[in-house]
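One letter stands for each residue in the lines below.
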Amino acid sequence: KPQLVASNDRFCRFLEEHCPVVTETYYPTIWCWEGRVQTLLRPFITSRPQVQYRNELIKTADGGQISLDWFDNNGSLYHPDASTRPTVLLLPGLTGTSKESYILHMIHQSETLGYRCVVFNNRGIAGEELLTPRTYCAANTEDLEAVIHHVHSLHPSAPLMAAGVSMGGMLLLNYLGKTGRDTPLMAAAIFSAGWNVFESVESLEKPLNWLLFNYYLTTCLQSSISRHRQMLEQLFDMDLVMKARTIREFDKQFTSVMFGYPTIDDYYEDASPCRKLKSVGIPVLCLNSVDDVFSPGHAIPVEAAKQNANVALVLTSCGGHIGFLEGIWPRKCTYMDRVFKQFVQAVFEHGNKIFSM
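These figures come from a predicted structure and were not determined experimentally.

A.B. asks: Can you explain unusual backbone geometry? Please cite residues and give values.
C.D. replies: Residue isoleucine 322 is not a glycine yet carries a positive backbone phi of 55°. Within the fold, isoleucine 322 resides in the loop between strand S9 (311-316) and helix H13 (335-350). Its identity as a non-glycine residue notwithstanding, phenylalanine 324 has a phi of 55°, on the positive side. Tracing the chain through its elements places phenylalanine 324 in the loop between S9 and H13.

A.B. asks: Which residues make up the sheet that holds S9, and what values go with them?
C.D. replies: Reading across from one edge, S1-S9-S8-S7-S6-S4-S5-S3-S2 is the order of the 9 strands in this open sheet, with mixed pairing throughout. Looking at the sheet topology across the chains shown, the edges are occupied by strand S1 (3-6) and strand S2 (54-59). The sheet shows a mean angle of 20° between the axes of neighbouring strands, taken without regard to direction. Sheet analysis places strand S4 (residues 87-91) next to strand S6 (residues 160-165), joined by 5 bridges and oriented parallel.

A.B. asks: I'd love a proper account of the pairing of S6, names of residues and values included.
C.D. replies: By the criterion of burial, S6 is predominantly enclosed, with 6 of the 6 residues buried. Every second residue of S6 is oriented toward a common face, with Leu160, Ala162 and Gly164 on one face and Met161, Ala163 and Val165 on the other, all of them buried. Here 4 bridges tie S6 to strand S7 (residues 188-191), and the two strands are oriented parallel to one another. Bridging across to S7, alanine 162 finds its partner in alanine 188. After leaving S6, the chain enters helix H5 (residues 167-179) and then returns to the sheet as S7, a path that is right-handed.

A.B. asks: Describe the pattern of salt bridges, naming the residues involved and giving the relevant values.
C.D. replies: Taken as a whole and judged by the stated rule, the model has 16 salt bridges. Among the ionic pairs, lysine 178 bridges to glutamate 145, the shortest N-O distance being 2.9 Å. Of this pair, lysine 178 sits in helix H5 while glutamate 145 is found in helix H4 (residues 142-154), placing the two residues 33 residues apart along the sequence. Measuring nitrogen to oxygen at the nearest pair gives 3.4 Å for the salt bridge that ties lysine 306 to glutamate 303. Taken together, the residues lysine 306 and glutamate 303, both in helix H12 (residues 302-306) and 3 residues apart, mark about one turn of the helix. With a relative accessible area of 38%, lysine 306 lands in the partly exposed category. By sharing partners, the salt bridges in this structure join Asp62, Arg123, Arg134, Glu142 and Asp143 into a single network.

A.B. asks: Go over the packing of helix H2 (residues 35-45) against helix H7 (residues 207-226), please, and point to the residues and values.
C.D. replies: The contact between H2 and H7 brings their axes to 11 Å, and the two run at 10°. Considering the angle they form, H2 stands roughly parallel to H7. Read as a crossing pair, H2 and H7 show a hand that is left-handed. Counting all contacts with H2, which are made through Arg36, Thr39 and Leu40, the residues of H7 involved are Leu208, Asn209, Leu212 and Phe213. Among the residues making up the contact of H2 with H7, the classes are represented as 4 nonpolar, 2 polar and 1 charged.

Rules used in this analysis
All residue numbers refer to position in the chain's written sequence, counted from 1. Given that this is a predicted model, residues contribute local features only at a pLDDT of at least 70 and side-chain atom pairs are listed and counted only at 80 or more, while totals for whole chains, interfaces and linings are drawn from all residues. No hydrogens and no water enter the side-chain calculation; it runs on all heavy atoms of the structure. Helix numbering and strand numbering both begin at the N terminus, where a helix is a DSSP run of H or I of at least 4 residues and a strand a DSSP run of E of at least 2. The rule for pairing is simple: two strands pair if DSSP sees at least two bridges between them. The convention used is that axes are lines fitted to C-alpha atoms, helices contributing only their stretch in contact, and that angles between N-to-C directions extend from 0 to 180 degrees. Relative accessibility decides the category of a residue: with a 1.4 Å probe and only protein chains considered, values under 20% of the type maximum give buried, values over 50% give exposed, and everything between is partly exposed. Look down the strands so they point away from you; if the path from the first strand over the helix to the second goes clockwise, the crossover is right-handed. Salt bridges are defined by distance alone: a side-chain nitrogen of Lys or Arg within 4 Å of a carboxyl oxygen of Asp or Glu. Note on terminology: angles under 35 degrees are roughly parallel, angles over 145 are roughly antiparallel, angles of 65 to 115 are roughly perpendicular, and the others are oblique. For any pair of crossing helices, the crossing counts as left-handed if the nearer helix is rotated counterclockwise from the farther one by less than a right angle, and right-handed if it is rotated clockwise. What makes two residues a contact is simply this: any of their non-hydrogen atoms within 4.5 Å. The residue classification treats Ala, Val, Leu, Ile, Met, Phe, Trp, Tyr, Cys and Pro as nonpolar and Asp, Glu, Lys and Arg as charged. All others, Gly included, are polar.

Put into structure tokens, the structure is as follows:
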């Protein structure tokens, strides 16, 4: 069974009653139970549900633009009135977009419940042009704040919550730690977040993890900015950035410089959600596996979570990073998908039981 960490008895009872999956035994796929294997295989094994998006580009205060992909679910039987249809804002991982299989599955789950979804694509990675020499990072929440304000202003009567995966979860936690209760979001779900960036990069720099994950992710980051090289060369030595062989080197030469941090350690400290958990002011459910090399088990802030009545952690012993595969042939629904579906439905349909906490 997963470990459920929550100091608030009412939140615990709410989850046990309306999100019972967090108390059920999680049986990982027996032939790929190890965390790294789960992490590597999930993108190739899981299906990719068909989703028809409506794209919207919104302008930012600094002259940039953000690409939003909407799944309006206009055929919703449970919520036919678009003005009050519950909306889920989805935040993909580090170089992820609305095309990731885990995002498509979240939308598929939301569709069956009658909800609307909107995917926040970070600047410059979903095919749109960079209008300014700026991309994104886990610590800077300005773009996320603009998106949440925009979505809420379009549908002010619609209940709104958010779900973030990996770096998307880190960004969402950093936003919630900054805003406290002052947010239009009712609640949030966080999956496979890296809680302490120092511990995450150290884990990813171990030889086997570097070979399996770190080098590949670094090349993905470089690929995501190479298309915008002409714009970015105004501020960066792109030849140096393209020589990076680890995420740490990339962040040192590019990310920390872009967002004005004196050192990479200053950036990593600001980007680590564990330091802001005490300030979260709305109900948040966080799912992590303790065998996740991107967010090692010893770095999960269990004690800090116990100090905030709004926070619940669900910790599995297996599952890897955005893995959580189950069943003999795990093509479709994962344990993570089931947690997402039950928690979102619990918040939208029974949320009044926890909002008085």
